[in-house]
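Structural characterization, general
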Amino acid sequence: MKDIALTEDQRDCLQELINVAMGRASDKLARYLQTFVHLQVPYIELIDSQALPERFAENYAEEGVSLVSQGFYGERGILGESLLIYKSHDAHGIAEILGYEPDDISEVEQLTDISSILTTTFLNGLAEQIDNQLAYSAPRIVSSVDTPLEQHLEQLSFNWDLALKVDISYQVTDYSFNCDMVLLIPGEAIVNIQAVLDQILDEF
């Protein structure tokens, strides 16, 4: 699996599919919150799964974070894990963003609610473009206070040689809120995605 590589055309095609799916997710969130949601250009890279925990430790070492982890499974061998990552100060403000009173629901429920808006809307938008349907595992909430993120990633990626890592960042204009979405797609599924991308390119 270590010799997998996306061609330039495949990468450009995947980038465009992700851009469209991101737009749909951000539009849904913006309509829900009645505010503007800023998107950064997603970053796509192939990374050795053994390097994932270290990469996350570097990016989020200095501040507490909460993570919503959810597996997705589709037709034609499309599968992976979606990670929605919130810094602690952003996670604590989700109740205000969603219009809840502070004691209405738990922080875990708040994280699950907003993650559902972003994750399932994005992934369904991506699946629709490639004529696929996805099913989802139950979301799992991981706090870096209780469980190091590196440990959670090691549990996810122990049988992956290579992962397609897609980083997406959402910023809500009228609130002090940012979150990062990371899609991790294992090697065998990358090969299946390449076949789908090649089909789209041939039709184009």
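Quick note: structure is the one above.
So, here's what we can say about the structure. (Residues numbered from 1 in each chain as written. Predicted model: local features only at pLDDT ≥ 70, side-chain atom pairs only at ≥ 80, totals over all residues. Heavy atoms only, no water.)

Looking now at helix α7 (residues 187-203). An ideal rise of 1.5 Å per residue puts 24 Å on 17 residues; α7 measures up with 25 Å between its terminal C-alpha atoms. What α7 keeps buried is the set G187, A189, I190, I193, Q194, V196 and L197. (Helix = DSSP H or I, 4+ residues; strand = E, 2+ residues; numbered from the N terminus. Expected span 1.5 Å × (residues − 1). Buried < 20%, exposed > 50% of the residue type's maximum accessible area, 1.4 Å probe, protein only.)

Applying the stated criterion across every chain yields a total of five salt bridges. Note that R140 is salt-bridged to E81, the shortest N-O span being 2.3 Å. With a gap of 59 residues between them, R140 in strand β6 (residues 140-143) and E81 in strand β4 (residues 79-87) connect regions that are remote in the sequence. You can call E81 buried: its relative accessible area is 6%. Three or more residues are tied together by salt bridges with common partners; here these are E45, K165 and D167. (Salt bridge = Lys/Arg side-chain N within 4 Å of Asp/Glu carboxyl O.)

Now for the nonpolar core. Counting 44 residues, the largest nonpolar core has I18, L29, F122, L164, I168, Y170 and M181 as the members making the most contacts within it. Going through the elements one at a time, α1 (8-33), β3 (65-74), β4, α5 (107-129), β7 (162-172), β8 (177-186) and α7 are the ones with two or more residues in this core. Top contributing element to this core by residue count: α1, with 10 residues. If near-sequence neighbours (up to four positions away) are discounted, M181 is found in contact with S82, L83, L84, L118, T119, F122, V166, D167, I168 and Y170. Of all hydrophobic cores here, the second largest spans 14 residues; its members include L83, I85, L153 and A163. (Core = buried A, V, L, I, M, F, W, Y, C linked by side-chain atoms within 4.5 Å. Contact = heavy atoms within 4.5 Å.)

Right, let's talk about a negative patch on the surface for a bit. Among the surface-exposed residues, E8, D9, D12, D131, D198, D202 and E203 lie close enough to one another that they form a single negatively charged patch. Counting residues per element, the ones that place at least two in the negative patch are α1 and α7. Position of D198 relative to the elements: it lies in helix α7. (Patch = residues over 30% accessible without salt bridge, like charges linked within 9 Å, V, L, I, M, F, W, Y side chains within 5 Å. Areas by Shrake-Rupley, 256 points an atom, 1.4 Å probe, with all protein chains shown as cover. Lys, Arg positive; Asp, Glu negative; His and termini not counted. Charge placed at Lys NZ, Arg CZ, Asp CG, Glu CD.)

For the rest of this paragraph, the subject is the environment of Q133. Along the polypeptide, Q133 turns up in the loop between α5 and β5 (134-136). Residue classification places Q133 among the exposed residues on the basis of a relative accessible area of 60%. Taking the C-alpha atoms as reference, Q133 lies 9.9 Å from F72; in sequence the two are 61 residues apart. Residues contacting Q133, with those up to four places away along its chain left out, are Y73, G74 and E75.

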